[in-house]
Amino acid sequence: MKLQFPSYRLILEELGGLARFTGQFFRNWAAPRMEIQEFFRQCYMIGYRSVGLVAITGFILGLVMTIQSRPTMARFGAESWIPSMVAISIIREIGPVITALICAGKIGSGIGAELGSMKVTEQIDAMEVSGTNPFKYLVVTRVWATTLMVPVLVCCSDTIAIWGSYLAVNMKNETSLALFSQQVVDSLSFSDVLPAFIKTFFFGFAIGIVGCYKGYTSSKGTEGVGLAANSAVVMASLLVFVLDLLAAQVTDTLGLN
Amino acid sequence: MPLNMTNTPLEKVLEVRHLYKAFGDNAVLKDFSMDLYRRENVVVLGKSGSGKSVLIKCIIGLLRPDQGQINVLGKPVLDLTPAELDQLRVRVGFLFQSNALYDSMSVRENLEFPLRRHGRDKSREEVNTLVVEALTNVGLAHTVDMMPAELSGGMRKRIALARTLILKPEIMLYDEPTTGLDPITSREIVQLILKVQDIYNTSSIVISHDMSCVRQLANRVIMLVDGKCHADGPYESLMQNPDPIVQGFFH
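A quick note: this is a predicted structure, and the numbers were derived from the prediction, not measured. (Residues numbered from 1 in each chain as written. Chains lettered and ligands numbered in written order. Predicted model: local features only at pLDDT ≥ 70, side-chain atom pairs only at ≥ 80, totals over all residues. Heavy atoms only, no water.)

J.: Please clarify how the overall build of chain A should be interpreted in this entry.
T.: Scanning chain A from terminus to terminus reveals nine helices and zero strands. In terms of principal-axis extent, the alpha carbons of chain A reach across some 65 × 50 × 35 Å. Burial analysis of chain A (257 residues in total) assigns 47% to the buried set. Considering only intrachain contacts with a sequence separation of at least 6, the fraction spanning at least 24 residues in chain A is 84%. Summed over its atoms, the accessible surface of chain A is roughly 13,100 Å², and 69% of this surface lies on carbon and sulfur atoms. Put simply, chain A has 18 plus and 17 minus side-chain charges, and the middle of one group is 4 Å from the middle of the other. (Helix = DSSP H or I, 4+ residues; strand = E, 2+ residues; numbered from the N terminus. Buried < 20%, exposed > 50% of the residue type's maximum accessible area, 1.4 Å probe, protein only. Contact = heavy atoms within 4.5 Å. Areas by Shrake-Rupley, 256 points an atom, 1.4 Å probe, with all protein chains shown as cover. Lys, Arg positive; Asp, Glu negative; His and termini not counted. Charge placed at Lys NZ, Arg CZ, Asp CG, Glu CD.)

J.: What should I look at first to understand the pairing of strand β2 (residues 26–37) of chain B in this one?
T.: Across a regular strand the side chains alternate sides, sitting on one face of the sheet and then on the other. Residue and element names in this part refer to chain B. Taken together, the nine bridges between strand β1 (residues 12–23) and β2 define a ladder with antiparallel strand orientation. In the sheet register, L14 faces β2, and the bridge partner there is L36. Remark: two residues form the turn of the hairpin made by β1 and β2, two consecutive strands paired antiparallel; G24 in that turn has positive phi of roughly 65°. (Pairing = 2+ DSSP bridges.)

J.: Explain the packing of aromatic side chains here, please?
T.: The geometry of an aromatic ring pair comes down to the distance between the two centres and the angle between the two planes. Taken as a whole and judged by the stated rule, the model has 17 aromatic pairs over all chains. On the basis of an interplanar angle of 55° and a centroid distance of 6.3 Å, the ring pair of F25 of chain A and W144 of chain A is categorised as tilted. Taken together, the residues F25 of chain A in helix α1 (residues 8–28) and W144 of chain A in helix α6 (residues 134–172) connect sequence positions 119 residues apart. Between F26 of chain A and F205 of chain A, the aromatic rings sit 5.8 Å apart at their centres with planes inclined by 25°, giving stacked as the arrangement. You can see F26 of chain A sitting in helix α1 and its partner F205 of chain A sitting in helix α8 (residues 190–216), a full 179 residues away along the chain. Members of the aromatic cluster, joined through ring pairs, are F25, F26, W29, W144 and F205 of chain A. R163 of chain B extends its terminal NZ or CZ atom over the ring of Y102 of chain B, reaching a point 4.6 Å from the ring centre. (Phe/Tyr/Trp six-rings, centres within 6.5 Å; stacked < 30°, edge-to-face > 60°. Lys NZ or Arg CZ within 6 Å of the ring centre and 35° of its normal.)

J.: What is the right way to read the side chain of Q197 of chain B from this model?
T.: Residues and elements named next belong to chain B. The topology assignment puts Q197 in helix α6 (residues 183–200). A relative accessible area of 7% means that Q197 is categorised as buried. A polar contact of 3.0 Å, which involves the side chain of Q197, links it to the backbone oxygen of T202. Setting aside anything within four residues of it in sequence, one finds Q197 in contact with R39, E40, N41 and T202. (Polar contact = N/O pair within 3.5 Å; in protein donor to acceptor, adjacent residues only side chain to side chain.)

J.: Explanation requested: the sheet that holds strand β5 (residues 75–76) of chain B in the structure shown.
T.: Hydrogen bonds between backbone atoms are what pair the strands of a sheet, whose relative direction is either parallel or antiparallel. Read from one edge of the open sheet, four strands run β2-β1-β4-β5 (chain B), paired in antiparallel fashion. Each edge of the sheet is formed by a strand with only one pairing partner; in this case those strands are β2 and β5 of chain B.

J.: Just checking my understanding: could you explain the packing of helix α4 (residues 124–137) of chain B against α6 of chain B for this structure?
T.: The description of two packed helices rests on the angle between their axes and on the distance between the axes. Residues and elements named next belong to chain B. Taken N-terminus to C-terminus, the directions of α4 and α6 make an angle of 135°; their axes are 11 Å apart at the nearest point. Regarding the angle of α4 to α6, the classification is oblique. For the pair α4 and α6, contact is made by E133, A134, T136 and N137 and by L192, K195, I199 and Y200, respectively. Split by residue class, the contact of α4 with α6 holds four nonpolar, two polar and two charged. (Axes fitted to C-alpha atoms, helices over the stretch in contact; angles between N-to-C directions. Parallel < 35°, antiparallel > 145°, perpendicular 65-115°, else oblique. Nonpolar A, V, L, I, M, F, W, Y, C, P; charged D, E, K, R; others polar.)

J.: How should the nonpolar core be read in this particular structure?
T.: For soluble globular proteins, nonpolar side chains are generally found buried alongside one another. I59 and V72 of chain B are the most contacted members of the largest nonpolar core, which totals 81 residues. The element that contributes the greatest number of residues to this core is α6 of chain A, accounting for eleven residues. Excluding residues within four positions of it along the chain, I59 of chain B makes contact with L14, V16, I70, V72, V77, L173 and I205 of chain B. V127, L140, I159 and A231 of chain B belong to the second largest nonpolar core, which has 44 residues in total. (Core = buried A, V, L, I, M, F, W, Y, C linked by side-chain atoms within 4.5 Å.)

J.: Help me understand helix α3 (residues 51–75) of chain A, please; the structure alone is not making it clear to me.
T.: Since the α-helix turns once every 3.6 residues, residues separated by three or four places project in the same direction. Residues and elements named next belong to chain A. With 25 residues, α3 should cover 36 Å at 1.5 Å per step; its first-to-last C-alpha distance of 37 Å lies within 8% of that length. At S69, α3 is deflected by roughly 35°, the largest bend along its length, and proline P71 occurs up to four residues later in sequence. Of all the residues in α3, the buried ones are V54, A55, G58, L61, G62, L63, M65, T66, S69, R70 and M73. Where α3 terminates, the next one or two residues include G77, which has phi positive at roughly 65°. (Expected span 1.5 Å × (residues − 1). Bend = angle between axes of the 7 residues up to and from the residue.)

J.: Please clarify how the interface of chain A and chain B should be interpreted in this entry.
T.: In this complex, chain A contributes 15 residues to the contact, which on the side of chain B involves 23 residues. Contact between chain A and chain B buries roughly 1,700 Å² in total, counting both sides, with carbon and sulfur atoms accounting for 47%. When the buried surface of chain A facing chain B is broken down by residue, R33, E122 and V129 of chain A rank first, second and third, together holding 34% of it. The interface formed by chain A and chain B contains four salt bridges. (Buried area = accessible area lost by both parts, 1.4 Å probe. Salt bridge = Lys/Arg side-chain N within 4 Å of Asp/Glu carboxyl O.)

J.: In this structure, what is going on with the pattern of salt bridges? I would like to understand it.
T.: Think of it this way: side chains of opposite charge can pair up when their charged atoms draw near. Taken as a whole and assessed by the stated rule, the structure comprises 29 salt bridges over all chains. For the salt bridge of R9 of chain A with E13 of chain A, the shortest nitrogen-to-oxygen distance reads 3.3 Å. Taken as a pair, R9 of chain A and E13 of chain A lie in helix α1 at a separation of four residues, close to a single helical turn. For E11 of chain B, the salt bridge goes to R38 of chain B, with nearest N and O atoms at 2.7 Å. Note that E11 of chain B is positioned in the segment before β1 and R38 of chain B in the loop between β2 and β3 (41–45), a separation of 27 residues in sequence. Judged by its relative accessible area of 44%, E11 of chain B is partly exposed. Each of E38, R41, E114 and R142 of chain A takes part in salt bridges that share partners, so that together they form one network.

Here it is as C-alpha cells:
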C-alpha cells in the first residue's frame, strides 16, 4: 500500500488560509460593538466546562510521574528531590503542554464542529442578515476566551498535578505538606514560572484560532463538519508543539533556562 | 409596469439589472434582470442549481455579484457601506431554506437576537411584547421557551418566519419555504406567508419549484433558465405559454 502525504502545496495553502484568517481576527478584534456577553458565555463554556477533565488528567499526571520516577531517584539516593523534580517538570513543560493538548482535543474540536455546523446550516449567514458581524460575534469572542482560559486551566492542572505528586510521595514515605510545599516552592524560580505561563497564552490563542478557522471555513455539508472538528484537533496539537519548540528557543536565547 | 386598482403605477421596491455571477468557470447568473413592486409576490422558478438562491443572496448582500446593479428600496446594495447594509437589512427579511435557527438558543432568544442588534433602544417589556406578537402571528406562542431541537420541521419553519418578521420588514425573500415539508404542512406555510403579507404589507420574492406553492403564492412568475430570465408573467399566462421549457415546469 502506498502511503500518501499531503502535498507541500496543500500545506502552504492551509498555512496561508490560517494566516489570512488570523489577520482578519486582528482587524476585527477592536471593531465597534464589543460582544461582552458572548465573550463571558464562551469563557464559561470553554473554561469552566473543561475544569473537570483538566483536573483529572493533572492529578493523574502528578501521581504517575512521582510513582514512575521514584525507583530511579531511590537508586541514586535522591528521593528527597522528587518534589523539586516533579514541580519543575510539571510547571515548565509537561503541565502546559499536556493541558494544551487536552484543550486542543476538547475545545478545538468543539469550536470546529460548532462553527462548522453553523456554517452548513446557514446560521452564520442568518447572523449576518440580522445585522451582526458573525466574525466578531463567533470568532473574536471564542479566540479571546481560549486565549484567556487556557492559562487558567494550565494553572489549575499544574496545582492539582502537584497535589497528585504529594499523594504519591505519601504512599511510600510520610512527608508533611509543609515540607513538600517548601521543597516545591524552593525549587521553582521566576524563570521557571513566567516563560511557562506566558507560552500558555499562545497555546490558547493557537487552539482558538485553529478551531475557528477550521469551523468557519468548512464546506462539503455534514461531512465537512466532521472534517473541521478532526483537522482542528490535529492542526492545533501540532501548533502547540511548534509553539513549545519556539518558546524553548526563545527562553534559551534569553538565558532563562 | 403593474397598476393598482385606481390605475396608478405601483411603487417599485426592488430592481435587479444585468446581474452576472460565476463560481469559477460555472456562470450561474448571466445578464439577469427583474423588478419587484410593492405588495407583489414574485415567484422565481427554475431547476435546482439554476442560481435562484444565489440571486436572493446577492439581493441581501450575502454574495457579491461579478457585474450588475441591485437597488433595494431605492438603495444601491453594492455601493453601501457595511453599516448602511445593516440598516437596509432591517427592512428586508430572509427566510433560509434550512431555517437557520440558532441551535444553542431558545425560541425566545432566537427571536430576540435581531431585536437586540437593531432595536437596542427597546425596553425588556417591548421586546417581550414583540416576541409574543411574532409567535402568535405564526400560531406558536406556546413554544417560546423551547429549544429548536424540540420542534418539528414545520414548526421550525414558522419560528424562522417569526424571527424574520419581528423587525417588520418591507420585503421578504423566501428561499424554498416548502422544501422538505409534507403537503399539509407546505399548504399551512403557504397560507401563513399570505397571512403574513396581509398583516405586515410585505412584498415578496419566493424561490420555489413546488408548483402548488407557486400557484397559490404568485402574482407573477419569473422563470430562471440558463442564468437568464426566460419567461416573466402571471401564473395563468405562463400556463398557456407554448415554450417547451415553460411547459416542462407547468405540466
